[in-house]
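Survey of secondary and tertiary structure
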Amino acid sequence: MSMEIRTGDRNFFMAMRENRSMVTELQSERQKLQDKLFLAKTSGTDSISVPKEKQKEMEDKVKSLSQQLRKARIDYKV
């Protein structure tokens, strides 16, 4: 029994590989943002301190990335 592969058909294993790379990218982006946020919060009164509004934006972005990551993991069971 042979399978016919047509152009445009998605290979299951290629889709899984693409999803793993997407999950990895989301994880690294979230980790970088969490590190920046941690440094911003611990800088205190240094001259490089980040305004509270910017910290709030960063926290919201971390939450958004976490939700995207959770969804990607659930959708593709990675």
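Computed from a prediction, not measured in an experiment: that's the story for all the values here.

Our next topic: the nonpolar core. Counting residues in each nonpolar core, the largest one holds nine residues, listed as Val23, Leu26, Leu33, Leu37, Met58, Val62, Leu65, Leu69 and Ala72. Residue assignment for this core shows that the elements contributing at least two residues are α1 (12-42) and α2 (52-76). The element contributing the most residues to this core is α2, with five residues. With residues near it in sequence (within four places) discarded, leucine 65 still touches Leu26, Glu29, Arg30 and Leu33.

The next subject is the side chain of glutamine 55. By the element assignment, glutamine 55 lies in helix α2. When residues no more than four places from it in sequence are discounted, the contact partners of glutamine 55 are Leu37, Ala40, Lys41 and Val50.

So, about the environment of serine 64. Here serine 64 shows up in helix α2. On the accessibility criterion, serine 64 (28% relative accessible area) is partly exposed. Distance from serine 64 to arginine 30, taken between C-alpha atoms, is 9.2 Å for residues 34 residues apart in sequence.

Rules used in this analysis
Residues numbered from 1 in each chain as written. Predicted model: local features only at pLDDT ≥ 70, side-chain atom pairs only at ≥ 80, totals over all residues. Heavy atoms only, no water. Core = buried A, V, L, I, M, F, W, Y, C linked by side-chain atoms within 4.5 Å. Buried < 20%, exposed > 50% of the residue type's maximum accessible area, 1.4 Å probe, protein only. Helix = DSSP H or I, 4+ residues; strand = E, 2+ residues; numbered from the N terminus. Contact = heavy atoms within 4.5 Å.

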